[in-house]
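A closer look at the structure
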Amino acid sequence: MYRIENPAVFVSDRVLRDEESLDRLNAFVETTKAPGWEVVKDEEIPAMLERPVWKGVRGKAGARERIDTPVFFFNTFRFDGKSDEVRRRIAAANPGYDADKLPDYYLGYRHFVWFNSGQPADDIKPNPEHVCRPCWRLNISPGCPHECAYCSMAGFMAVGLNVSEYLAHLDRLVEANPWQRTYLVDDASDVLVLEPEMNFFSEMVRFFGTKRDRYLIAHTKSANVDFLRSLAHAGHTIMCYSLAAETQSTQLERMSATTDQRIEAARKCQQWGMPIRFKFKPIIPVRNWRDEARDMIRKVFEKTRPDNLSMTALMWMSFEDLEACMDLDMLDPASVDAARKAAENGADHGRLQPFPHDVRREIYEFYLREVRAHDKNTPLTLSTESLEMWSDLGPALGTAPATYTCGCGPCATPGLKELPENPWKIARRNVPSR
Ligand code: SF4
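Notes on the structure in this doc start here. In this text the structure is predicted, and so the values were computed from the model without any measurement. (Residues numbered from 1 in each chain as written. Predicted model: local features only at pLDDT ≥ 70, side-chain atom pairs only at ≥ 80, totals over all residues. Heavy atoms only, no water.)

1. Notes on the sheet that holds strand S3 (residues 71-75)
Spatially, 4 strands are ordered S2-S1-S3-S7 in an open sheet, and the strand pairing comes out parallel. Either end of the sheet is taken by a strand with one partner, and the two such strands are strand S2 (38-40) and strand S7 (156-160). Looking at each pair of strands side by side, their axes are set apart by 25° on average, direction ignored. In this sheet, S7 lies alongside S3 in parallel orientation, the contact comprising 5 bridges. Counterpart to Val 71 in the pairing with S7 is Phe 156. (Pairing = 2+ DSSP bridges. Helix = DSSP H or I, 4+ residues; strand = E, 2+ residues; numbered from the N terminus. Axes fitted to C-alpha atoms, helices over the stretch in contact; angles between N-to-C directions.)

Written out as structure tokens, the structure reads:
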């Protein structure tokens, strides 16, 4: 587990009523030597979030004071479907407070999420600005101790502790969705950082180790992997590393593992029989990005045999946000100029900002050349890019939106060069059943 000293700890009163959760809480307090913890009822959560320690972790990490120790809220997952009722109670106890805005993960209702690229749950089609696969995603501990400058989930963690109940419900979800073969955990956190002491992600690895033809995908920037060596994973946990080159990993993704540490961690996992993948995501065009990317890609192929690769330039923020959360002087001047001009021309680029199409295309073409210089066969694809970018680069990548395999798609099982069937057609036949 990461070295976390004297963290501020808040605990939902629901934890005190669950022995398993209490045991995990005590394991955390013992390991971190936390000075103590404060009990919080649901109705008191709004006031808790107004405390300075919580206010200090609002917004993108790069746009606020640096913090070294995250703040923690421990609670239990709820599967009673009573989220609205709980929110009404909170609203009644906090006049003027909009309880509908309170994130689910403080109330224990963020566990299995139907992801559909921001579109209505049953509107199953490619989002032209965000080509990705509709599927169920797993959340266990939203928030993260890493301090990635562009991320608003940094500096706190909301962790559910009733793992056995979580796995019992997960088992039902997996049985009810035979079409989905892989499950991503956690798109709002890094699930390696509290292991093995919290024994949550470890239990999920064991769970999928017992499943025939079902896989867990861990999305991570962490080098904390040694605990995985002895787990009965049966090769059913896929380690999907978000990989960035030197300057970005050390200066814009503080507290996370460096480029070399992530590649070495992936090498170890592969040696222990786990499939590994890399996502060059998000790619931030820093000064000298080409040389750094070339060096990173060389090391990937010198040390590992990835199952597949994918890439995404930094997006989902305005030029204004970019300016607020990182020093533009660190970035490639030509890319910054293009982003500034795109912002000044006032065109709404939605998710596809701050870097305009041509800047992102140049980055992807460079990565493609560098990857193919080392390897002709490993699938390389675009992740959450536009249909326009796919029509430009699909032929060169040798794949297409309806067939590409990728880092965390629901049908992207290990060893595939392409998907056997259109994932939107599959999902349309199966939306959503719990
Ligand atoms: S590792 Fe992921 S969740 Fe953690 S701060 Fe970075 S981007 Fe956010």
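Alright, that's what it looks like, and here's the rest.
2. Quick word on the site of the ligand
Every residue close to the ligand is listed here: Cys 144, His 146, Cys 148, Tyr 150, Cys 151, Ala 154 and Lys 221. Residues that form the shell around the ligand fall into these classes: 5 nonpolar, 1 polar and 1 charged. (Near = heavy atom within 4 Å. Nonpolar A, V, L, I, M, F, W, Y, C, P; charged D, E, K, R; others polar.)

3. Observations regarding the pairing of strand S5 (residues 135-138)
On any regular strand, side chains alternate: one points to one face of the sheet, the next to the other face. The two faces of S5 match: Cys 135 and Arg 137 on one face and Trp 136 and Leu 138 on the other face are all buried. Pairing of strand S4 (residues 112-115) with S5 involves 4 bridges; the strand directions are antiparallel. Paired with Val 113 across the two strands is Arg 137, which belongs to S5. (Buried < 20%, exposed > 50% of the residue type's maximum accessible area, 1.4 Å probe, protein only.)

4. Considering the packing of aromatic side chains
Taken as a whole, this structure holds 23 aromatic pairs when the rule is applied. Ring geometry for Phe 112 versus Tyr 166: centroids 5.1 Å apart, planes at 65°, classification edge-to-face. Of the two residues, Phe 112 sits in strand S4 while Tyr 166 sits in helix H5 (residues 163-176), which places them 54 residues apart along the sequence. Overall, the relative accessible area of 5% leaves Phe 112 in the buried class. Through successive ring pairs, a cluster of aromatic residues spans Phe 10, Trp 54, Phe 73, Tyr 105, Tyr 106 and Phe 156. Just above the ring of Trp 424 sits the side chain of Arg 133; from NZ or CZ to the centre is 5.0 Å. One residue, Arg 137, lies across the ring of Phe 115, its end atom 3.6 Å from the ring centre. (Phe/Tyr/Trp six-rings, centres within 6.5 Å; stacked < 30°, edge-to-face > 60°. Lys NZ or Arg CZ within 6 Å of the ring centre and 35° of its normal.)

5. Concerning the packing of helix H9 (residues 289-303) against helix H12 (residues 357-374)
Relative orientation of the contacting elements H9 and H12 amounts to 35°, with a least axis distance of 10 Å. The element H9 and its partner H12 pack so that their crossing is right-handed. Contacts from Trp 289, Arg 290, Ala 293, Arg 294, Met 296, Ile 297, Arg 298 and Phe 301 in H9 reach Glu 362, Ile 363, Phe 366, Tyr 367, Glu 370, Val 371 and His 374 in H12. In terms of residue class, the contact of H9 with H12 is built from 9 nonpolar, 1 polar and 5 charged. (Left-handed = near helix turned anticlockwise from the far one by under 90°. Contact = heavy atoms within 4.5 Å.)

6. Remarks on the side chain of Thr 312
Within the secondary structure layout, Thr 312 lies in strand S13 (residues 309-313). Within the local environment of Thr 312, its side chain forms a polar contact with the backbone oxygen of Ser 383, the two atoms lying 2.7 Å apart. Ignoring any residue separated from it by four or fewer positions in sequence, one finds Thr 312 in contact with Phe 280, Lys 281, Pro 282, Ile 283, Tyr 364, Ser 383 and Thr 384. (Polar contact = N/O pair within 3.5 Å; in protein donor to acceptor, adjacent residues only side chain to side chain.)

7. Brief notes about the pattern of salt bridges
Under the counting rule described, the total for this entry stands at 40 salt bridges. Note that Arg 24 is salt-bridged to Glu 20, the shortest N-O span being 2.8 Å. With Arg 24 and Glu 20 both in helix H1 (residues 19-32) and 4 residues apart, this pair spans about one turn of that helix. Taking the shortest distance from any N to any O, the salt bridge between Lys 303 and Glu 264 comes out at 2.9 Å. Of this pair, Lys 303 sits in helix H9 while Glu 264 sits in helix H8 (residues 259-271), and the two are 39 residues apart along the sequence. One continuous salt-bridge network, built from bridges that share partners, spans Arg 14, Asp 42, Glu 43, Arg 78 and Arg 89. (Salt bridge = Lys/Arg side-chain N within 4 Å of Asp/Glu carboxyl O.)

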